[in-house]
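These are the residues of each chain, in order.
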Amino acid sequence: MDALPPTTIETFHLRLGDIADTLPKRLRQCADFVASNPERIAVSTVAELSSAAGVPPSAFVRFCQIMGFKGFSGMQRLFRDAHAPRWPDYPTRIRALHEQGQDSPSALLAEFVEAGRHSLENLATSLDSKALEAAVETLAAARTIHLVGFRRAFPVASYMAYALEKMEVPAMLHGAVGHIDARHALVTGDAMVAITFAPYTPATVELATYARERGIPVIAITDTLASPLRRLDVTALCVSEIDVGAFRALSATLSLATTLVVAIGARRS
């Protein structure tokens, strides 16, 4: 065992972020898979996870040991304790709110307003201003801005596409409708905004990887240090949202997105 095991998901992500760039290829595959699919760690066998990650089971076990665990069971226990109760399915979340007497519209509004306020305060104090300036400079100079965000991130990507269109800034929203793959539209001189949060959407990471392999700059809007986007030589803008009963709103993320599009419009005018 190479180190003491992390005792929280937060310290796990911090350690993963610290060592990710030093790992050999197969262990890096394990790291990327765990960062992209944290919800699967709690419910899958090591054979299932190693197969999905494209590595032998021995490599997955070795990854667990490098992270400080004696083996896979120790790492799985951490994820079961942390992720399983934190992000239950939607019916379970609703039932919990009802049982706690917090499901009235007025109570929910007050909770989400308070969570949004804390999320916005965190954004204001934690966002890297140099990264924000670099992101605006890159996007303002781009021929076309490609916007990628699926699942919970889709409202953010679609809003940015709408706002940029109103400002007459060339932008393209990538989506999964009809399984139409528009990656061929990415050309030299363009830039991409890739938006994803834990558990990270593989389609977003894959498109961002495709862009970086072709020398196209990527601005990543993401959350943790373990985000797979942070390993692609991107300009990373980190934002976290406070949850209410395991429901996460987009208050801070949309504020960051609005800041970006308005700053881009101002820079290009």
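Conventions used here
- Residues numbered from 1 in each chain as written.
- Predicted model: local features only at pLDDT ≥ 70, side-chain atom pairs only at ≥ 80, totals over all residues.
- Heavy atoms only, no water.
- Helix = DSSP H or I, 4+ residues; strand = E, 2+ residues; numbered from the N terminus.
- Buried < 20%, exposed > 50% of the residue type's maximum accessible area, 1.4 Å probe, protein only.
- Contact = heavy atoms within 4.5 Å.
- Areas by Shrake-Rupley, 256 points an atom, 1.4 Å probe, with all protein chains shown as cover.
- Salt bridge = Lys/Arg side-chain N within 4 Å of Asp/Glu carboxyl O.

Novice: Would you take a moment to explain the overall build of the protein for this structure?
Specialist: Assigned secondary structure in the protein consists of 12 helices and 7 strands. Residues counted as buried form 45% of the 269 residues belonging to the protein. Taking the intrachain contacts of the protein between residues at least 6 apart in sequence as the baseline, contacts between residues at least 24 apart amount to 72%. Within the structure as shown, the protein displays about 13300 Å² of accessible surface, and the carbon and sulfur contribution to it stands at 57%.

Novice: Honestly, the pattern of salt bridges in this entry has me stumped. Any pointers?
Specialist: Close approach of charged atoms allows side chains of opposite charge to pair. Scanning the entire structure with this criterion turns up 9 salt bridges. Measuring nitrogen to oxygen at the nearest pair gives 3.1 Å for the salt bridge that ties Arg143 to Asp190. Taken together, the positions of Arg143 in the loop between helix H9 (129-140) and strand E1 (145-149) and Asp190 in the loop between strand E2 (171-174) and strand E3 (191-195) put the pair 47 residues apart, joining distant regions of the chain. A residue is classified by how much of its surface remains accessible, and Arg143, at 47% relative accessible area, is partly exposed. On the accessibility criterion, Asp190 (2% relative accessible area) is buried. Across the pair Arg212 and Asp233 runs a salt bridge, and its minimum N-O distance is 3.1 Å. Note that Arg212 is positioned in helix H11 (residues 202-213) and Asp233 in the loop between strand E4 (218-222) and strand E5 (235-238), a separation of 21 residues in sequence. Sharing partners across several salt bridges, the network here consists of Asp21, Arg28 and Asp32.

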